[in-house]
Amino acid sequence: MSRLQRAKQFMPFAALKGFEVLLAAVARPKENRVELSEDQIEELNRTIQSLVEGDFVRVLYYTGHCYTELVGTIEAIGKPAHSLSIGGVAIAFKDIKEINLFE
């Protein structure tokens, strides 16, 4: 048996591919959703009503485990679906904490 073949016998074997990535995601601390005050909700609603497709915005939204910031151009606003799309990412209005419009 050659040295290379012998060395292959002792190489580590990952039986569960992606298991380390899953463990890292689970180990991440979960950030709780912040409850907005009535004034903050009213201001957020006014901002959402003034948005049009093509506006350049910064959105801070909740992804289920943490808050994420996304900067980009609004591609679509789904008023019946209560969501907006930025860079291919659909964000529900209820998940939005903050929107800043760049002019």
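Residues numbered from 1 in each chain as written. Predicted model: local features only at pLDDT ≥ 70, side-chain atom pairs only at ≥ 80, totals over all residues. Heavy atoms only, no water.

If you check an unreviewed UniProt entry, the protein chain appears there as YolD-like protein from Veillonella infantium.

Caption draft 1: Just the sheet that holds strand 5 (residues 96–102), in detail. Strand order in the open sheet formed by five strands is 4-3-2-1-5, and the pairing between neighbours is antiparallel. This sheet does not close on itself; its edge strands, each paired only once, are strand 4 (89–92) and strand 5. Adjacent strand axes in the sheet meet at a mean angle of 45° when their direction is disregarded. (Pairing = 2+ DSSP bridges. Helix = DSSP H or I, 4+ residues; strand = E, 2+ residues; numbered from the N terminus. Axes fitted to C-alpha atoms, helices over the stretch in contact; angles between N-to-C directions.)

Caption draft 2: The arrangement of a nonpolar patch on the surface in detail. A cluster of nonpolar side chains, contributed by L16, F19, L22, L23 and V26, occupies part of the molecular surface with about 500 Å² of accessible area. Tracing the sequence through the fold places V26 in helix 2 (residues 19–27). (Patch = residues over 30% accessible without salt bridge, like charges linked within 9 Å, V, L, I, M, F, W, Y side chains within 5 Å. Areas by Shrake-Rupley, 256 points an atom, 1.4 Å probe, with all protein chains shown as cover. Salt bridge = Lys/Arg side-chain N within 4 Å of Asp/Glu carboxyl O.)

Caption draft 3: The arrangement of the side chain of S85 in detail. Tracing the backbone through its elements, the reader meets S85 in strand 3 (residues 83–86). In this view, S85 contacts T73, I74, E75, A76 and A90; residues no more than four positions away in its chain are not counted. (Contact = heavy atoms within 4.5 Å.)

Caption draft 4: Examining the pattern of salt bridges more closely. Counted by the stated rule, this structure contains four salt bridges. Linking E69 and R58 is a salt bridge whose minimum nitrogen-to-oxygen distance equals 3.0 Å. One end of the pair, E69, is in strand 2 (residues 67–78); the other, R58, is in strand 1 (residues 56–62), and 11 residues separate them in sequence. A salt bridge links E98 to R58, with the nearest nitrogen and oxygen atoms 2.2 Å apart. Remark: R58 occurs in strand 1 and E98 occurs in strand 5; sequence separation between them is 40 residues. Look at E98 and you get partly exposed, because its relative accessible area is 30%. Several salt bridges converge on common partners, so that one network encompasses R33, K94 and D95. (Buried < 20%, exposed > 50% of the residue type's maximum accessible area, 1.4 Å probe, protein only.)

Caption draft 5: Quick look at the pairing of strand 4. Summarising the sheet, strand 3 and strand 4 pair through four bridges and their orientation is antiparallel. Bridge pairing in strand 4 links S85 to A90.

Caption draft 6: Just the packing of aromatic side chains, in detail. In the structure shown here, the tally under the stated rule is two aromatic pairs. For the pair F56 and F102, a centre-to-centre distance of 5.6 Å together with 45° between the ring planes defines the contact as tilted. With a gap of 46 residues between them, F56 in strand 1 and F102 in strand 5 connect regions that are remote in the sequence. Among the residues examined, F56 registers a relative accessible area of 37% and is labelled partly exposed. Exposure remark for F102: the relative accessible area of 40% places this residue in the partly exposed category. We note K97 situated over the ring of Y67; from NZ or CZ to the ring centre the distance is 5.2 Å. (Phe/Tyr/Trp six-rings, centres within 6.5 Å; stacked < 30°, edge-to-face > 60°. Lys NZ or Arg CZ within 6 Å of the ring centre and 35° of its normal.)

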